[in-house]
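Structural characterization, general
One-letter residues, chain by chain:
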Amino acid sequence: MTAEHLLRLGGSDWSIWKQSVLRSAGFPAADVGRLSNVELAAAADRCATGEGSRNDYQAAYERATTQLSEQIRRIARDPTFREAVAWQNRALIADCVDKAAAGEPRNVRGRNHESAIASYWQRYCVKNDTIGFFGPVGWANWSSDDAATRVTPGPDLLARRTTYLEVWAVDAVARALEQDPKLIPWLPPRRINSFDLVGRTLHRSSRPPVLLTEAEAELVGLCDGTRTAREIAEEILWSGHPELCTEQDVLDQLVALRDRGLLHLGLEVAVSAHPERELIERLERVGDPVVREQVLTRVGRLLHARDAVAAAAGDEAKLVAALDQAARVFEEIAGVQAARRPGQTYAGRTILYEDTVRDVDVHFGAAVLEALAPPLALLLQSARWFVAEVTREYRKVFDEAYELVRARSGDAPPSLAAVVAAATPQLFFSLRELPRPVATVAEELQRRWQEILRPSPDTPCHQVRAEDITERVAELFAAPEPAWAAAVHHAPDLMIAADGPEAVARGEFLLVLGELHLASNTVESRLFVEQHEDPSWLFRADEADHRDRRVYLSSPKHWEAVNSRTYPPSALLSPRYTYWSLHPDAGGTPGEPLPAARLVVERSDGRLEVRTRDGARRFDLLEVVGELLSAATVNGFKPLPPAAHRPRVTIDRLVLARESWTLDATDLRWASIKKEPDRFLAARAWRAELGLPERGFYKVPVEDKPVFVDFTSLVLVNLFAKAVRRTAEARQTTFTISEMLPDISQTWLTDGDGAGYTAEVRVVAVDPAAGATAVDPLIDGTRARPGAAGPESTDPRTGRNE
């Protein structure tokens, strides 16, 4: 029986959530055409083939540069564009956008400004980034009963917009407040989550234990993060410790323990969408009314500045002024700069951000679901196999790490922290690089799909029927149930190529697979959960899929991936899950985490298990490190290898891979031509020689994300040439170009005025094993996880991918 939150994928065992995230651009797709010039492109093509003269081309070039400068001026003056840039890089308004808006000459500096503006513009028009009003969050509903697909836009682009404080900014304010000695009695001391106090011995996750005095041990034991230092002092003074005779003695001892790194004494907050609420709640407990008023007033200044930014939404000039004022207020209060990690992706660089909800109602009916189900089920089967193979690879990795650590620890069971540390080099990943165990499986995934599909490089399109490859997929991708809880979810991004919403309703569409995020529910990010009309629905759905099985590693805030908007930590954490903490700065889970210092690793029946030192709880090792494995695996799903030319590959009506070309940047000598008209002319000839489409996306190793190119656009070709030159200078010079699919005219998501927007739907797919039985991570003999006992099957078992 399918759970209430799920829809079955056709005749397969796979299911999807009835609700999906709708990601879209915030500017109409057709507006990117303001950067193109088909007249210039045609003149260049005629000149290259001898059908037109160089003089004609040069004249077209002069006209094109004049038109481009005018378009850049108009874009730079566009209030909506200026507001979007202000949110992302407000210094660019004065340094670049204002100068272009004033009509600066097209000299070296002017062309640099032109490129910067074009780079932002193309992103706002054709990239499905989820950020601010230029990448609003939406939601789509799926139905298997109603065949119709409906897209009903509201009168405005946005239904809601909210301004948030970054958690690092709130922590910076908290640290500044802590410096006031009058606040110390009201601070809530707490034990370090990864440490374990046993009697007078404080075990630390990755350092030798510390033997405390009786008074110190009692103090640490009382630090629960709820009681204030003064309340703890009142309680411990009854114990009669001779070294703790007064409240000040206790406060001094707490400060000393903090300075030794043995407990937390401060106002640091957990990662959340509204971290300021936790800070205010703690400050409101300050018993001294004078001190309480002082600290709340300081925080209130920042909240007032945040509210002024929110009130300025829709007015770029007011927004820039409000953002500047908020930065000044923050720096006065916190004593640090109002920005961090310049240029990094997902860095939470500024103190404030905005997320929004798109004003649209989207309903996908049975016709879309029926077209999606057969091919997607096949891909999900291979994703399950991938996870199983990654499982096999990482069991070997952790076996080696365990033996390495055990050789050093003697008879004592190795600590979990030490084993994880030894395996960490094989867990490292980035947006550009897979860990070695995952890369090994990814290569085999490609080999098997290549054997199934057999695409020919000599054709632009290669299509197969799902029914013709079903048996072969089942044979090559047979796999057991996922080895860790997060792996019951996969999250494919789907696009629809259709000539408007009416075409989708008529069944005239093509489905396009973007990324398939493996072993992860990417909808659990705070930016999505916060913008749902009923977050409890998402919570219940996620909990129903995981039940009691999930063992969650509490994320340390010092990880660069951690910020207020995105995962980690998940925004869908249940008290039913088991939590553990490896790092001193981890926290914010709904249940008290097991400290890593309490966890050891031992071999049982040939498989590694994690247990508490007293043996009361036991877990399969891969379940405990499952969040790390999901992060390492999520980007691995690339079913077809790159090729000099790879055709568009379609299973039924689902495009598995767009047509693409793999190139070497050192071969594109035209990219280094100094004179702009000559470079554009050569670029057009090169495009024609390779048979590239006019529009596409290129992925270079020096950039994290694909970038749009239109070969009829002088400025976008300039940006492409610059990326090629940077790539040629790098050690890895191979890059890819893929067709744009859906193309600009194939937009089904519209606003109230009928303008089309690029969009994708992020689906949550659920492994059939998730609903088979109630599962639990404990393997102590009373509640056994199915499949946890016994030796591994000799059949191929794989793992994960993105």
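Under an unreviewed UniProt entry, the name given to the protein is Lantibiotic dehydratase, and the source organism is Micromonospora terminaliae.

Helix and strand content of the protein: 23 helices and 32 strands. On C-alpha atoms alone, the protein measures out to a radius of gyration of 29 Å, which is about the 28 Å that the 2.2 N^0.38 rule sets for 802 residues. A principal-axis box enclosing the C-alpha atoms of the protein has dimensions of 100 × 65 × 50 Å. Looking at the 802 residues of the protein, the share that counts as buried comes to 58%. For the protein, the proportion of contacts with a sequence separation of at least 24, taken over those separated by at least 6, is 76%. Accessible area of the protein: about 32,500 Å², with a carbon and sulfur share of 49%. Each charge class in the protein can be summarised by its mean position, and for the 97 positive and 116 negative side chains these summaries are 4 Å apart.

Where strand 13 (residues 489-497) meets strand 14 (residues 510-517), six bridges bridge the pair, whose relative direction is antiparallel. Within the sheet, the bridge partner assigned to Ala-491 lies in strand 14 and is His-517. Note: strand 14 against strand 23 (residues 654-657), two bridges, orientation parallel. When the sheet's bridge partners are listed, Val-512 is paired in strand 23 with Val-655.

With that out of the way, let us pick up the packing of aromatic side chains. A complete count under the given rule lists 23 aromatic pairs for this structure. Both rings, one in Trp-17 and one in Trp-537, keep their centres 5.9 Å apart while their planes meet at 85 degrees; by these two values the pair is edge-to-face. Of this pair, Trp-17 sits in strand 2 (residues 15-17) while Trp-537 sits in helix 19 (residues 535-546); the two residues are 520 residues apart in sequence, bridging distant segments of the chain. Each of the two residues, Trp-17 as well as Trp-537, counts as buried. On the basis of an interplanar angle of 35 degrees and a centroid distance of 6.0 Å, the ring pair of Trp-686 and Phe-720 is categorised as tilted. With Trp-686 in helix 22 (residues 676-690) and Phe-720 in helix 23 (residues 714-729), the pair connects residues that are 34 residues apart, well separated along the chain. Of the two residues, Trp-686 and Phe-720, both sit in the buried class. Chaining the aromatic ring pairs together yields one cluster made of Phe-27, Phe-81, Tyr-120, Trp-121, Tyr-124, Phe-133 and Phe-134. Here the basic side chain of Arg-653 rests over the ring of Phe-509, its NZ or CZ set 4.0 Å away from the ring centre.

Further remarks concern the pattern of salt bridges. Side chains that differ in sign of charge can pair as their charged atoms come close. Following the criterion strictly, the structure yields 62 salt bridges and no others. Measuring nitrogen to oxygen at the nearest pair gives 3.3 Å for the salt bridge that ties Arg-258 to Asp-259. One salt-bridge network, in which partners are shared between bridges, spans Glu-444, Arg-447, Arg-448, Glu-451, Arg-472 and Glu-475.

Another point: the sheet that holds strand 26 (residues 707-710). Spatially, the five strands line up as an open sheet ordered 21-24-27-25-26, and their pairing is antiparallel. Each edge of the sheet is formed by a strand with only one pairing partner; in this case those strands are strand 21 (645-646) and strand 26. Sheet strands in contact with helix 23 are strand 25 (695-699), strand 26 and strand 27 (734-739), and its direction is about 125 degrees off that of strand 26.

The next subject is helix 14 (residues 416-423). Listed as buried for helix 14 are Leu-416, Ala-417, Val-419, Val-420 and Ala-423. Looking straight down helix 14, one finds its buried side chains confined to an arc of 165 degrees; they lie on one side. Next to the buried residues of helix 14 lie helix 13 (366-409), strand 16 (578-581), strand 18 (599-604), strand 19 (607-612), helix 20 (621-624) and helix 21 (626-633).

Quick look at the nonpolar core now. With 134 residues, the main nonpolar core has Phe-81, Phe-330 and Phe-720 as its most contacted residues. Top contributing element to this core by residue count: helix 12 (residues 316-334), with ten residues. Leave out the neighbours within four places in its chain, and Phe-330 touches Trp-168, Ala-169, Ala-172, Val-173, Leu-302, Gly-335, Val-336, Gln-337, Ala-338 and Ile-351. Leu-9, Leu-513, Leu-622 and Leu-640 belong to the second-largest nonpolar core, a separate cluster that totals 100 residues.

Looking now at the environment of Glu-268. Mapped onto the fold, Glu-268 is located in the loop between strand 10 (263-264) and helix 10 (275-283). For Glu-268, a relative accessible area of 25% gives the class partly exposed. Placed 116 residues apart in sequence, Glu-268 and Arg-384 show a C-alpha to C-alpha distance of 40 Å.

So, about the side chain of Thr-650. Along the chain, Thr-650 falls in strand 22 (residues 648-651). Apart from residues no more than four positions distant in its own chain, Thr-650 is found in contact with His-462, Gln-463, Val-464, Val-655 and Leu-656.

Okay, the pairing of strand 30 (residues 759-762) next. Residues Ala-759 and Val-761 point to one face of strand 30 and Glu-760 and Arg-762 to the other, with burial holding for every one of them. Direction of pairing for strand 3 (residues 19-24) relative to strand 30: antiparallel, over a ladder of four bridges. Bridging from a neighbouring strand, Leu-22 pairs with Val-761 of strand 30. The sheet contact formed by strand 13 and strand 30 spans two bridges and is antiparallel. If you follow Leu-494 over to strand 30, its bridge partner there is Val-761.

Here we come to the environment of Val-724. Turning to its location among the elements, Val-724 is positioned in helix 23. Between the C-alpha atom of Val-724 and that of Leu-476, which follows or precedes it by 248 residues, the distance is 38 Å. Excluding residues within four positions of it along the chain, Val-724 makes contact with Ala-665, Leu-668, Ala-671 and Phe-735.

Strand order across the open sheet formed by three strands is 7-8-9, with antiparallel pairing between neighbours. Unpaired on one side and paired on the other, strand 7 (196-198) and strand 9 (210-211) mark the two borders of the sheet. By the bridge criterion, three bridges tie strand 7 to strand 8 (residues 201-203) in an arrangement that is antiparallel. By the bridge assignment for strand 8, Asp-196 is matched with His-203.

Before going further, it helps to spend a moment on the packing of helix 11 (residues 289-311) against helix 12. Viewed as axis vectors pointing N to C, helix 11 and helix 12 meet at an angle of 165 degrees, and their least axial separation amounts to 8 Å. Relative to helix 12, the element helix 11 is oriented roughly antiparallel. Classified by chirality, the crossing of helix 12 by helix 11 is left-handed. Contacts from Arg-298, Arg-301, Leu-302, Ala-305, Ala-308 and Val-309 in helix 11 reach Leu-319, Ala-322, Leu-323, Ala-326, Val-329, Phe-330, Glu-332 and Ile-333 in helix 12.

Further remarks concern unusual backbone geometry. Backbone torsion omega between Leu-741 and Pro-742 reads 0 degrees, so that peptide bond is classified as cis. Phi is positive for Asp-605, close to 55 degrees, though the residue is something other than glycine. Examined against the element boundaries, Asp-605 turns out to sit in the loop between strand 18 and strand 19. The backbone of Asp-652 shows a phi angle near 55 degrees, a positive value even though the residue is not glycine. Examined against the element boundaries, Asp-652 turns out to sit in the loop between strand 22 and strand 23.

The rules we used
Position labels on residues start from 1 in each chain and follow its written sequence. Owing to the predicted nature of the model, reporting of local features is limited to residues with pLDDT of at least 70; listing and counting of side-chain atom pairs is limited to 80 or more, with chain, interface and lining totals taken over all residues. Side-chain measures were taken over the full set of non-hydrogen atoms in the model, leaving aside hydrogen atoms and water. The way it works is that DSSP assigns letters per residue, a run of H or I at least four long becomes a helix, a run of E at least two long becomes a strand, and they are numbered from the N terminus. With C-alpha atoms as the basis for the radius of gyration, the globule rule is written as 2.2 Å multiplied by the number of residues raised to the power 0.38. Relative accessible area decides the class of each residue, using a 1.4 Å probe on protein chains only: under 20% of the type maximum gives buried, over 50% gives exposed, and in between gives partly exposed. Here, two residues are considered to be in contact whenever any of their heavy atoms come within 4.5 Å of each other. For every accessible area listed, the method is Shrake-Rupley and the probe measures 1.4 Å; residues are considered covered only by the protein chains on display. Just so you know, the count uses Lys and Arg for positive and Asp and Glu for negative, and it drops His and the chain ends. One atom stands in for each charge, and that atom is NZ of Lys, CZ of Arg, CG of Asp or CD of Glu. The rule for pairing is simple: two strands pair if DSSP sees at least two bridges between them. Here the aromatic set is Phe, Tyr and Trp, taking the six-membered ring for Trp, and pairing holds for ring centres within 6.5 Å; pairs whose planes are under 30 degrees apart are stacked, those over 60 apart are edge-to-face, and all others are tilted. Consider the ring centre and the ring normal. A charge sits over the ring if Lys NZ or Arg CZ is within 6 Å of that centre and within 35 degrees of that normal. Salt bridge, as used here: a side-chain nitrogen of Lys or Arg that lies within 4 Å of a carboxyl oxygen of Asp or Glu. Axes here refer to lines fitted to C-alpha atoms; in helices the fit is confined to the stretch in contact. Angles between the N-to-C directions go from 0 to 180 degrees. The arc in question is the one spanned by the directions pointing from the helix axis to the C-beta atoms. Note on terminology: a nonpolar core comprises buried Ala, Val, Leu, Ile, Met, Phe, Trp, Tyr and Cys residues joined through side-chain atoms within 4.5 Å. Throughout this description, any angle smaller than 35 degrees is read as roughly parallel, any larger than 145 degrees as roughly antiparallel, any in the 65 to 115 degree range as roughly perpendicular, and the remainder as oblique. For any helix crossing, the convention is left-handed if the near helix is rotated counterclockwise from the far helix by under a right angle, and right-handed if that rotation is clockwise.

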